[in-house]
Amino acid sequence: MARAASGAPNQHGGRTGVRIVVAGDRGTGKSTLIVTAAADTFPANVPPVLPPTRLPNDFYPDRVPVTIIDTSSRGEDAGRVAEELGQADAVVLTYACDRPDTLDRLSTFWLPELRRLEVKVPIIVVGCKLDLRDENQPVSLEQVMSPIMQQFREIETCIECSAFKHIQIPEVFYYAQKAVLHPTGPLFDQESQTLKPRCVRALKRIFILCDHDRDGALSDAELNDFQVKCFNAPLQPSEIAGVKRVVEDKLPGGGPTDRGVNDRGLTLTGFLFLHALFIEKGRLETAWTVLRKFGYNNDIKLAEELIPSFKRAHDQSTELAIDAVEFLRGTYELFDGDYDNNLHPAELDDIFSTAPENPWDEPPYKDAVEKTALGGLSVNAFLSEWALMTLLDPSRAVESLIYIAYPGDPASAVRVTRRRRLDRKKQQTERNVFQCFVFGPKNAGKSALLNSFIGRSYSESHNSATEESYAVNVVDLPGGIKKTLVLKEIPEDGIKRLLSSKEDLAPCDIAVFVYDSSNESSWKRATELLVEVASHGEDTGFEVPCLFVAAKDDLNSFPMAIQESMRVTQDMGMEAPIRISSKISETNNVFRRIVNAAGHPHLNIPETEAAKSRKQFHRLINHSLMFVSGI
């Protein structure tokens, strides 16, 4: 397995050239090394610093042009050297084999200096003037470099050479180019001598994609298909047998079940072992060819050009298409091994084991959905997480679908909804996912509302949110209709920032204003926030339906609370406040009522005094024009 083709740009992570900077102490042979590599002849004289030197495209098998940058050793040129090092794809550090002091300077100056400059590229350490080393002091390269490489793990490889005797000169820049085009770092942990987790996850996905009959092993035919796809060359039956024999002979393990090969073919264990073996033997180009053929970049993530983007107006949203939802339902059933509608954390990790990481391990997805008593996810919670990710970051949602082997067209996995402005005009909406912005003063009960939505128990402690947080769940409506509701808590000190942008209110399908029904100041502040949001919507054209939620209904209301709230809501054309108590779990169907209001985008839109005045002014103007035209 692995006769790699060469030359295509995507094989090299899209690179069209490699820039190698050569640095080191004065007199260590930097310029002579470069001239000898480029001209294949030892120069009698070289200038102190060479101009940029470009090797021909076909100099190395990868056919990617190499530009070599010489650097000055003078102290006054340190700034210029630092600039060149900052633009390097790889660095060649030189020392002179006949001058031990230049070797010591690698660890006392050059390597620490590269760290100080934050030069995070492969480093090739090169011992020049091998022909001048004192033969009476034999020492192996491994003995010399092992302590330095232990201290400075960024060193990719070490090599000794002689320009005078033409010993290993082309190899110096070949290794430097190879370290850039086929880097070890993303794939292999040198210390533990194992594949890195992200590499394992990518190879597992590739294995599953190639295992067409899903029997957990690559048959001879599947192995041959893999070989042709990656290397454009079939495997002979004897070669396939040889691959299996290598795995069986060399894979560590005790019994026949963990030898990497079974009666159906090469198992995932054997597949991973083969790639680790290639890397250990220095054949990184083999592993990288496989990864790049399946769309991976140097970060072991799918290349950006494979991930569709979704253009949309500010008041349009994104939802999963029906086919994608059905695929996710099937995936849930497949991994919910005991069919108990409870996807355990380990089962969820297994679903995302072919992705670079679990996308829900970080905010805003972490803790955004309801957990079962066993800490798992129901199918509704699982689909709710996907709905939230599709709403907030549709490209990442599709990328995650691709990682877990979604078979459909990625660009068709997401649909862009109709503009809400048009929904309002038509007095209906086709959206299945509604986003609700939750406003309110501190300690009004916003977080408690979100927690109750996803089944979290009430807490007496008040932890006012300092950042936007989300809660998402499926809401059942009459007639078996299901809608997904996303609650987004807006901290009070974040409202000014939100309303400073014309478009930030546009993604909101409905706004809820929560207040503490026992506290008159909380009510007044909630009404102020309502006016601010409604005014912003009127000014920008992004008006939204609004509802009041009177929280803490288990406490005594402030005097005249009901009369005051009725006066304000009637005056602004809104429903009466929905009274709830998270403490005693009395929600008064608040979430269904929020969804119902969002589903009627032309209703419950508050009208401010300024809007009423403008409307009255326009009526007067129109009346005057009609009067004038009738004279």
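Only a predicted model underlies this, so the values are computations on that prediction, with no experimental measurement involved.

> I would appreciate a short explanation of the overall build of the chain in the present structure.
Within the chain one finds 21 helices and 19 strands. Taken over C-alpha atoms, the radius of gyration comes to 33 Å for the chain, far larger than the 25 Å a tight globule of 631 residues would show. Taken over the C-alpha atoms alone, the chain extends approximately 110 × 65 × 60 Å along its principal axes. Looking at the chain as a whole, 48% of its 631 residues qualify as buried. In the chain, of all internal contacts separated by at least 6 residues, the share reaching a separation of at least 24 is 70%. Total accessible area on the chain is roughly 30200 Å²; 50% of this is exposed by carbon and sulfur atoms. Across the chain, the centroid of the 72 positively charged side chains sits 4 Å from that of the 88 negatively charged ones.

> So what exactly am I meant to see when it comes to the sheet that holds strand E11 (residues 265-267) here?
Think of a sheet as strands paired side by side through backbone hydrogen bonds, with each pair either parallel or antiparallel. Taken in spatial order, the three strands line up as E9-E11-E10 in an open sheet, and their pairing is antiparallel. Either end of the sheet is taken by a strand with one partner, and the two such strands are strand E9 (217-218) and strand E10 (261-262). Pairing of E9 with E11, which is carried by two bridges, proceeds in the antiparallel orientation. Of the residues in E11, the one forming a bridge with Ala217 is Thr267. Along the sheet, helix H9 (residues 268-280) makes contact with E9 and E11, crossing E11 at roughly 75 degrees.

> Can you walk me through the packing of helix H1 (residues 30-39) against helix H5 (residues 169-181) in this structure?
Angle between the axes and distance between the axes: these two values describe a pair of packed helices. Put simply, H1 and H5 touch, their axes get as near as 8 Å, and they point 95 degrees apart. Classified by the angle their axes make, H1 and H5 are roughly perpendicular. On H5, the residues that touch Leu33, Ile34, Thr36 and Ala37 of H1 are Ile169, Val172 and Phe173. When its residues are assigned to classes, the contact of H1 with H5 shows six nonpolar, one polar and no charged.

> Explain helix H7 (residues 220-231) to me, please; I cannot follow it from the model alone.
One turn of an α-helix holds 3.6 residues; hence residues three or four places apart share an orientation. The terminal C-alpha atoms of H7 lie 16 Å apart, and with twelve residues this matches the ideal 16 Å at 1.5 Å per residue to within 8%. Three or more residues of H7 are buried, namely Glu222, Leu223, Asn224, Phe226, Gln227, Cys230 and Phe231. Tucked into the core, H7 has its buried residues touching helix H6 (197-210), E9, helix H8 (237-250), E11, H9 and helix H10 (284-293). Once H7 finishes, Asn232 follows within two positions and takes phi at roughly 55 degrees, a positive value.

> What exactly am I supposed to notice about the nonpolar core here?
Note on soluble globular proteins: their nonpolar side chains tend to be buried together. Counting residues in hydrophobic clusters, the biggest one holds 77 residues, and the most contacted among them are Leu187, Ile206, Phe382 and Trp386. If one sorts the elements of this core by residue count, helix H13 (residues 379-392) sits on top with nine residues. For Trp386, the residues in contact, after removing those within four places along its chain, are Leu320, Leu328, Phe352, Trp360, Ala397, Ser400, Leu401 and Ile404.

> Got a minute to help me understand H1 in this structure?
Extensive coverage of H1 is indicated by the burial of seven of its ten residues. Listing the buried residues of H1 in full gives Lys30, Ser31, Thr32, Leu33, Ile34, Thr36 and Ala37. The secondary structure elements touched by the buried residues of H1 are strand E1 (18-24), strand E2 (53-55), strand E3 (66-69), strand E4 (90-96), strand E5 (123-128) and H5. Asp40 lies just past H1 and shows a positive phi near 55 degrees.

> It is not clear to me how the packing of aromatic side chains should be interpreted in this structure. Could you clarify?
According to the stated counting rule, one finds 21 aromatic pairs in the structure shown. For the ring pair Tyr174 and Tyr175, a centre distance of 5.8 Å and an interplane angle of 55 degrees mean the geometry is tilted. Overall, the relative accessible area of 32% leaves Tyr175 in the partly exposed class. Each residue in the set Phe437, Phe439, Phe513, Tyr515, Trp523 and Phe548 is aromatic and connected to the rest through ring pairs, giving one cluster.

> Explain the confidence of the model for the chain here, please?
Detailed reading of the predicted model is not advised wherever pLDDT is low. Mean pLDDT over the chain stands at 90; residues scoring 70 or higher make up 92%. Contacts of residues 3-9 to residues separated by more than four positions or lying in other chains number 16 contacts, the stretch itself having pLDDT below 50.

> Looking at this structure, I do not really get the pairing of strand E15 (residues 469-477). What am I missing?
On any regular strand, side chains alternate: one points to one face of the sheet, the next to the other face. Most of E15 is tucked away, with seven of its nine residues classed as buried. Bridging between E15 and strand E16 (residues 481-489) involves nine bridges; their strand directions are antiparallel. Among the inter-strand pairings, Asp476 is bridged to a residue of E16, identified as Lys482. Here E15 folds back onto E16, and the loop between the two strands holds three residues, one of which, Gly479, carries a positive phi near 80 degrees.

> For this particular structure, what's the right way to read the pattern of salt bridges?
Under the counting rule described, the total for this entry stands at 34 salt bridges. A salt bridge links Asp423 to Arg418; the shortest N-O distance between them is 2.6 Å. Residue classification places Asp423 among the buried positions, given a relative accessible area of 2%. For Asp516, the salt bridge goes to Lys552, with nearest N and O atoms at 3.6 Å. Separated by 36 residues along the polypeptide, Asp516 in strand E17 (residues 510-516) and Lys552 in the loop between strand E18 (546-551) and helix H19 (561-572) bring together distant segments of the chain. For Lys552, a relative accessible area of 16% translates into the label buried. The network of salt bridges with common partners includes Arg418, Arg420, Asp423, Arg431 and Asp509.

> How should I be thinking about the domain arrangement of the chain in this particular structure?
Accessible area lost during the coming together of the parts is what is often quoted as the interface size. Domain annotation for the chain reports domain 1 (18-181), domain 2 (194-301), domain 3 (307-416) and domain 4 (436-612). For domain 1 versus domain 3, the distance between C-alpha centres works out to 48 Å.

> Help me understand the side chain of Arg292 in this model?
Of note, Arg292 is situated in helix H10. Buried charge without a salt bridge: Arg292, with Asp62 as the nearest opposite-charge side chain at an N-O distance of 7.2 Å.

> So what exactly am I meant to see when it comes to the environment of Asp361 here?
Mapped onto the secondary structure, Asp361 falls in the loop between helix H12 (345-351) and H13. Overall, the relative accessible area of 41% leaves Asp361 in the partly exposed class. Placed 21 residues apart in sequence, Asp361 and Phe382 show a C-alpha to C-alpha distance of 14 Å.

> Just to check I follow, could you spell out the pairing of E1 for this structure?
E1 sits mainly inside the fold: six of its seven residues count as buried. In this structure, E1 lies alongside E3, joined through four bridges in parallel fashion. Looking across to E3, one finds that Val18 is bridged to Val66. Note: E1 against E4, five bridges, orientation parallel. Bridge pairing in E4 links Ile20 to Ala90.

> What is the right way to look at the environment of Cys508 in this model?
Looking at the element boundaries, Cys508 is found in the loop between helix H17 (495-499) and E17. Put simply, Cys508 and Ala598 are 90 residues apart on the chain and 9.5 Å apart in space, counted from C-alpha to C-alpha. Setting aside residues no more than four positions away along its own chain, Cys508 makes contact with Arg420, Gln435, Phe437 and Val544.

Calculation criteria
- Residues numbered from 1 in each chain as written.
- Predicted model: local features only at pLDDT ≥ 70, side-chain atom pairs only at ≥ 80, totals over all residues.
- Heavy atoms only, no water.
- Helix = DSSP H or I, 4+ residues; strand = E, 2+ residues; numbered from the N terminus.
- Rg over C-alpha atoms; globule rule 2.2 N^0.38 Å.
- Buried < 20%, exposed > 50% of the residue type's maximum accessible area, 1.4 Å probe, protein only.
- Contact = heavy atoms within 4.5 Å.
- Areas by Shrake-Rupley, 256 points an atom, 1.4 Å probe, with all protein chains shown as cover.
- Lys, Arg positive; Asp, Glu negative; His and termini not counted.
- Charge placed at Lys NZ, Arg CZ, Asp CG, Glu CD.
- Pairing = 2+ DSSP bridges.
- Axes fitted to C-alpha atoms, helices over the stretch in contact; angles between N-to-C directions.
- Parallel < 35°, antiparallel > 145°, perpendicular 65-115°, else oblique.
- Nonpolar A, V, L, I, M, F, W, Y, C, P; charged D, E, K, R; others polar.
- Expected span 1.5 Å × (residues − 1).
- Core = buried A, V, L, I, M, F, W, Y, C linked by side-chain atoms within 4.5 Å.
- Phe/Tyr/Trp six-rings, centres within 6.5 Å; stacked < 30°, edge-to-face > 60°.
- pLDDT = per-residue confidence, 0-100.
- Salt bridge = Lys/Arg side-chain N within 4 Å of Asp/Glu carboxyl O.
- Domains from an automatic or database assignment.

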